[in-house]
Amino acid sequence: MRTSEAINIGSKILRNKNIVSHKIDAEIILSHILKTSREKLLINEQDISHTDLKRFKKIISRRLKKEPIAYILNKKEFRSKDFYVVKNSLIPRPETELLIDPIIKKFKEKRLYFLDVGTGTGCIMLSILNELNNSRGLGIDICNKAISVAKVNLKTMNLNRRASLKCRSIDTIYNKKFDLVVSNPPYVVKREINQLSEDIKKFEPQKALDGGHDGLDVIRKVIYKSKSILKLNGILALEIGSGQNNSVSTILRLNGFREIKKIKDYKDNVRCIFSTLI
Ligand SMILES: C[S@@+](CC[C@H](N)C(=O)[O-])C[C@H]1O[C@@H](n2cnc3c(N)ncnc32)[C@H](O)[C@@H]1O
């Protein structure tokens, strides 16, 4: 069978299950199997071996059950770098990239010691370390398996010397002072997890999604703890859920923080808040 034919068949199977990204998914899966880029696959029509076709069908059937492509391929791109990902850690999201630029700008040429709360794959921590040579970071997560995944990424990116990863909750961080605390905490309202798309609710870790009864449980903990672990003029950089802007602003104000920057996503929702202690 030719590549274009296989893509059409795979795409049709996925479309029948209402998978919106059916075409691109079929292309990504086939390029993964043939170990080529999607671009090359589309330009260079070729024959597929029987074994590769079998593997293609097998992976299409996983996607049919709504398993995210990132978990199937065990990788996701974040700020132009591939991160290893398995189902124990949240798949890095494009909106999380919004957190990084202001941090890079603010701490360029400076020495930076930072804490990444809920590091998951380590995408935030490793992006900062990659882009700021004078930085050192500590990444923590309550999920041991997520820490193992982040360790793989840390090693692959050869950043071990400037970072450590620990399976800890934010509540247990004492006797340390950071220039920056950054976090993309779980912020989904518990009872709304059921309304998320199947790709997310069936496959992504609950611990990475569940923000408690109002979605703000972990955000509160991070803000509260940051009061005692930030250095003078230190920065707290938070990703928040759409619609949480006012509530998070209030919690920050009540804890003595002054907001210095807010960043909106392409739907015009505030998704990142940068603040400092007054
Ligand atoms: C939304 S995910 C973010 C993962 C990654 N930082 C990213 O942006 O892709 C939140 C992470 O916080 C972790 N987490 C939840 N509660 C925590 C706590 N109290 N202390 C530390 N990490 C926590 C979860 O296990 C999960 O990996």
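Relevant structure appears above.
Rules of the game
- Residues numbered from 1 in each chain as written.
- Predicted model: local features only at pLDDT ≥ 70, side-chain atom pairs only at ≥ 80, totals over all residues.
- Pairing = 2+ DSSP bridges.
- Helix = DSSP H or I, 4+ residues; strand = E, 2+ residues; numbered from the N terminus.
- Axes fitted to C-alpha atoms, helices over the stretch in contact; angles between N-to-C directions.
- Contact = placed C-beta atoms within 7 Å.
- Buried ≥ 20, exposed ≤ 12 C-beta atoms within 10 Å, placed from the backbone.
- Near = placed C-beta within 6 Å.
- Nonpolar A, V, L, I, M, F, W, Y, C, P; charged D, E, K, R; others polar.

## Here we look at the sheet that holds strand S9 (residues 270-277)
Next up, step 1: A sheet is described by the order of its strands in space; here 7 strands give the open sequence S5-S4-S3-S6-S7-S9-S8, paired in mixed fashion. Of all the strands in the sheet, the pair left with one neighbour each is strand S5 (163-167) and strand S8 (257-264). Strand after strand, the sheet turns through a mean of 15 degrees between neighbouring axes, direction not considered.
Next up, step 2: Judged from the 4 bridges that link them, strand S3 (residues 112-117) and strand S6 (residues 178-183) form a sheet pairing that is parallel. Directly across from Leu115, in S6, lies its bridge partner Val181.
Next up, step 3: Seen against the sheet, helix H8 (residues 144-156) touches strand S4 (135-141) and S5 and runs at an angle of roughly 165 degrees to S5.

## Focus: the environment of Ser31
Next up, step 1: Assignment of secondary structure puts Ser31 in helix H2 (residues 22-33).
Next up, step 2: Residue Ser31 is classed as partly exposed on the basis of its C-beta count, with 19 C-beta atoms lying within 10 Å.
Next up, step 3: Taking C-alpha positions, Ser31 is 34 Å from Ser242, a pair spaced 211 residues apart along the chain.
Next up, step 4: The residues contacting Ser31, other than those within four sequence positions of it, are Thr36, Ser37, Arg38 and Leu41.

## What to know about the site of the ligand
Next up, step 1: Within the structure, the ligand sits among 25 residues, and Gly118, Gly120, Ser169, Asn184 and Ala208 are positioned closest to it.
Next up, step 2: For the shell around the ligand, the elements supplying multiple residues, two or more each, are helix H7 (123-131), S4, helix H10 (206-209) and helix H11 (217-229).
Next up, step 3: The class makeup of the residues in the shell around the ligand is 14 nonpolar, 8 polar and 3 charged.

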